[in-house]
Amino acid sequence: CGNLSWGENCTETCNCTPNNTVACEKLNGSCICQSNFEGSLCDQPIDPCLKYFPCGEHSDCINTLGHYECQCHEGYRNNSYNPSICEACSGWTYGFNCNTSCGCLIDNTQSCDIVTGNCTCKPGFESINCELDVNECNQSSNPCAGNLQCYNTYGSFLCMEQSVYARVTMNQTHLEKDQNEIANNIKETLQTFFDMYTYWTYFKVVIIHNNTTK
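Per chain, the residues get numbers from 1 upward, laid out in the order the sequence is written. Local features in this predicted model are restricted to residues of pLDDT 70 or higher, and side-chain atom pairs are both shown and tallied only at a pLDDT of 80 or more, whereas totals for entire chains, interfaces and linings draw on every residue. Excluded from the side-chain calculations are hydrogens and water; all other atoms, namely the structure's heavy atoms, are used.

## Observations concerning the packing of aromatic side chains
- Stacked, tilted and edge-to-face are the three classes assigned to paired rings of Phe, Tyr and Trp, where Trp is represented by its six-membered ring and a pair needs centres within 6.5 Å; plane angles under 30 degrees give stacked, over 60 edge-to-face, the rest tilted. For the structure on display, the rule yields one aromatic pair.
- Ring centres of Phe125 and Tyr154 lie 5.0 Å apart, and the angle between their planes is 70 degrees; this geometry places the pair in the edge-to-face category. Pair noted here: Phe125 is in strand S15 (residues 125-126) and Tyr154 is in the loop between strand S17 (149-153) and strand S18 (156-160), with a separation of 29 residues, a long-range link.
- Any residue under 20% of the maximum accessible area for its type is buried, any over 50% is exposed, and the rest in between are partly exposed; the area is computed with a 1.4 Å probe on protein chains only. You can call Phe125 buried: its relative accessible area is 12%. Working definition: helices are DSSP H or I runs of at least four residues, strands are E runs of at least two. Numbering for both runs from the N terminus.

Rendered as structure tokens:
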């Protein structure tokens, strides 16, 4: 018998839905449905989302006519090896399928919300993208104990006596000056070496030229 016939001498025709049927039982004409259909005539598509619950957490199962798709919630994306698994955004991305980059200044940021993209700043920084330094010394309460003076630094602050801070600042200024002088000396030395090399190269060429013309 063919796929859609049954009975003695295969004279009976199956009533199954042809495109949804694997075969027709040869003895009684019952329908053997494809895996994504059911019913006595194989005319009812199976909703795998309701029958198998194939998708993991942080996702919605979307029925697609006998098949399914796991659509991740905002802040998550499908695992590249197993699309049924949704994993949280990483690499400073957020939103639907993690397609949007966070605008946070990474060095100053503790985390980026995987749904909204909002930045949680590290202590000492503020603003939407954590790009502004907090001046702790301008707060209503003095963060330094006793008679220590507060001095703001990038992302933090120092508590020390004014005289000590003055010496530290002076030493830092001298250090920067010394570093600049060293850099200039190296630059001048390299330039002198280059000039000498150029001169001796030219001198050598002149000597060779004179010897070849004699």
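## Focus: the state of the cysteines
- Two cysteine sulfur atoms make up a disulfide if the distance between them is within 2.5 Å. For the structure on display, the rule yields 12 disulfides.
- Note that Cys49 is cross-linked by a disulfide to Cys61, the S-S spacing being 1.9 Å. Because the torsion about its S-S bond is -75 degrees, the bridge between Cys49 and Cys61 counts as left-handed. With a gap of 12 residues between them, Cys49 in helix H1 (residues 48-51) and Cys61 in strand S7 (residues 59-64) connect regions that are remote in the sequence.
- Overall, Cys49 belongs to the buried group, its relative accessible area being 9%.
- Linked covalently through their sulfurs, Cys72 and Cys86 form a disulfide whose S-S length is 2.0 Å. Here the disulfide of Cys72 and Cys86 is left-handed, its torsion about the S-S bond being about -90 degrees. Of this pair, Cys72 sits in strand S8 (residues 67-72) while Cys86 sits in strand S10 (residues 86-88), and the two are 14 residues apart along the sequence.

## Some thoughts on the environment of Leu132
- Its location among the elements puts Leu132 in strand S16 (residues 132-133).
- By relative accessible area, which is 43% here, Leu132 ends up partly exposed.
- A C-alpha to C-alpha distance of 9.6 Å links Leu132 and Leu105, two positions 27 residues apart in sequence.
- Filtering out sequence-adjacent residues up to four positions away, Leu132 remains in contact with Gly124, Phe125, Glu126 and Ser127. Any two residues whose heavy atoms approach within 4.5 Å are treated as being in contact.

## Describing unusual backbone geometry
- For His58, which is not a glycine, the phi torsion comes out positive at approximately 65 degrees.
- With respect to the secondary-structure elements, His58 resides in the loop between H1 and S7.
- For Trp92, which is not glycine, the phi torsion reads 60 degrees and is therefore positive.
- Note that Trp92 resides in the loop between S10 and strand S11 (93-94).
- Given a relative accessible area of 29%, Trp92 falls into the partly exposed group.

Interpretation note: all reported values are geometric properties and have no functional meaning in isolation.
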